[in-house]
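# Fold and contact review
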Amino acid sequence: MRKSIFTALAAGAVVLAGCAKIETTEVPEGRVIGFDNFVTNAVKALDTEGDGGLTTFYVYGGHTDNTTLFAGTTVSYADGAWSYSPLKYWEATKTYNFAAYSNENGTAENVSLVTDEGDNQYHLKIENYKSDGTKDLIYAYSHGIVCNDAEAALNMPSVELTFYHILSRVAFKFTKDAVSLTGTDIAVSNIQIESLSDQGTFTGENITDAQCPYGAWNGQTGTATQAFDQAGTNISLTDGQADGQTDFEYLIPQAAGGTMTVTFTLTPTGTIVNENRVQSEGHEFSVTLPATSDNQWNPGYTYVYTAEINASNFGLAPIIFDVEEIKGWTGGTINEDDILDDDITGTN
C-alpha cells in the first residue's frame, strides 16, 4: 500500500472560508479522484458545506475514452470530508471533464451528460425540470483536466467544483406609508404570481460574467400559480414595523416583461377601520409585474419586487396641509417731525 496526502474530499474549501483542509488518507496503489466544492453567490441553504448547507451533490463525466466513469455518482459530506463509493482512479494520458449538480441536496429527473452538442460538450442537460419554488438548484463544470503520465496520476489535485445557482430567486417586499396610514396595521396575505412557467430544460454552458447565461434554459412551459406565503404566515405592517418581505422562491428563468401578474390581499385594522373609512375585510389586488432591465429573469439573479401601501390603495384621499409661502416682513416708516422733544423724558 502507498500512503498519500491529498486534498481529495477535503472539508473547508468553500469560497467563503478561503482555505482548504488537507486530509491524510491511506489509499490503494493508484490515485483516487476526489472532489472539493465551492458555492458562489450564496443565497440560501446551499452556501456552506455540512449541516444546514450543501451535503450532497451528483457527479457525471470522466475521461475522453470513458465519459460514464461517473454517471450520477453521489458525493456526500460527513465528518468534515467529502466521499463517494466505489472510488475511481486517475489514468495516465487522459483528459477529464466533470459536471455536477445538486437539487437542494437531492436528485432531479431526466439528467444526462451531453456528448454530442458542440459547445455544450460534457455539460449536463436537465430536461423538463419542474420547480416548486422551494429548491435551490446549483450546477458545476470542470473541464480539460489533463493527467499526463503515470507519475502525474499519483499526484493529481482534487477536482475543484465551483457551483452556480441556475434558477432565479424572487421575493416581494411591502412597505406601509407612515403618513397616510399612521395608526393602521396592514396584513398582507395570499401573495402569488399567476401565469408562471414552472418547467423548462437546462443545458449547461460555459459560465459568463460569474453566472450561467439565460440561454442555458429553453422550452419553458406551464401557466402555474406560485404562492409566496407557503409557511402560512402573513406579512404584518405596523407603525413599529412598516416593511416586510416574503421568503424567496426559486423559479425557472423566463421572460418577465410584464407578462405575469401578482395577486395579494390587504386586510387593514386600526384607524381607517375604526373611523368607518374602510371595511376590515380583505381587499384583493392584482398587479402586472413591471419589466426587469432586460425583460427576463436570469439564472443566479435575485429579483425583489417592492410596493408601498398607502391610503389611496383603499380609495381614500386624506386631507393634508402644505405651506405655500411664508411672506416676508414689511418695513414701516416714521416721520421725524412727529417725534417731539418732550416725548423723550428722563431723570438724572
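To start, this report covers the structure provided alongside it. (Residues numbered from 1 in each chain as written. Predicted model: local features only at pLDDT ≥ 70, side-chain atom pairs only at ≥ 80, totals over all residues. Heavy atoms only, no water.)

## Examining the overall build of the protein chain
- Helix and strand counts for the protein chain stand at 2 helices and 22 strands.
- Within the protein chain, buried positions represent 43% of all 348 residues.
- Restricting the contact set of the protein chain to residue pairs at least 6 apart, pairs at least 24 apart contribute 73%.
- As displayed, the protein chain has an accessible area near 18400 Å², and 46% of this comes from carbon and sulfur atoms. (Helix = DSSP H or I, 4+ residues; strand = E, 2+ residues; numbered from the N terminus. Buried < 20%, exposed > 50% of the residue type's maximum accessible area, 1.4 Å probe, protein only. Contact = heavy atoms within 4.5 Å. Areas by Shrake-Rupley, 256 points an atom, 1.4 Å probe, with all protein chains shown as cover.)

## Examining the pairing of strand β12 (residues 168–176)
- Of all 9 residues making up β12, 7 are buried, and the element is well covered by its neighbours.
- Relative to strand β19 (residues 249–251), β12 runs antiparallel, the two sharing 3 bridges. From the neighbouring strand, S168 faces β19, where its bridge partner is L251.
- Of the pairings in the sheet, the one linking β12 to strand β18 (residues 243–245) comprises 3 bridges and is antiparallel in character. Across the sheet, residue K173 finds its bridge partner in β18, namely Q245. (Pairing = 2+ DSSP bridges.)

## Description of the nonpolar core
- Grouped together as the largest cluster of nonpolar side chains are 28 residues, with contacts concentrated most on V170, F172, F174, I191, I193 and W297.
- Looking at this core, the elements that each hand over two or more residues are β12, β13 (184–196), β17 (235–237), β20 (261–270), α2 (271–274) and β22 (302–309).
- Counting residues per element, this core draws most heavily on β13, at 5 residues.
- Grouped together as the second largest cluster of nonpolar side chains are 23 residues, L113, I126, Y141 and I252 included. (Core = buried A, V, L, I, M, F, W, Y, C linked by side-chain atoms within 4.5 Å.)

## A closer look at the packing of aromatic side chains
- Tallying each qualifying case throughout the model produces 19 aromatic pairs.
- Members of the aromatic cluster, connected to one another through ring pairs, are F70, Y84, W90, Y96 and F98.
- When the ring centre of F248 is taken as reference, the NZ or CZ atom of R169 above it lies at 3.8 Å. (Phe/Tyr/Trp six-rings, centres within 6.5 Å; stacked < 30°, edge-to-face > 60°. Lys NZ or Arg CZ within 6 Å of the ring centre and 35° of its normal.)

## A few points about the sheet that holds strand β14 (residues 199–203)
- Reading across the sheet, the 4 strands line up as β8-β9-β14-β15 and stay open at both edges, with antiparallel pairing between neighbours. Across the chains shown, the open sheet's two edge strands, defined by having one partner strand only, are β8 (111–113) and β15 (217–221). For this sheet, the mean angle separating the axes of adjacent strands, direction not counted, is 10°. (Axes fitted to C-alpha atoms, helices over the stretch in contact; angles between N-to-C directions.)

## Here's the deal with the environment of G258
- Residue placement: G258 occurs in the loop between β19 and β20.
- Taking the C-alpha atoms as reference points, G258 and N295, separated by 37 residues in sequence, lie 8.0 Å from one another.
- Apart from residues lying up to four places away in sequence, G258 is in contact with T288, L289 and A291.

## Some words on the side chain of S131
- Of note, S131 is situated in the loop between β9 (124–130) and β10 (137–147).
- Overall, S131 belongs to the buried group, its relative accessible area being 7%.
- Polar contacts involving the side chain of S131 include one to the main-chain amide nitrogen of G133, which spans 3.2 Å.
- Among all residues touching S131, those that are not within four sequence positions of it are D198, Y250, L251 and I252. (Polar contact = N/O pair within 3.5 Å; in protein donor to acceptor, adjacent residues only side chain to side chain.)

## Section: the pairing of strand β16 (residues 224–227)
- Of the two faces of β16, the one lined by A224 and Q226 is fully buried and the one lined by T225 and A227 carries no buried residue.
- Across 3 bridges, the pairing between β13 and β16 is antiparallel. Along β16, the bridge assignment pairs L196 with A224.

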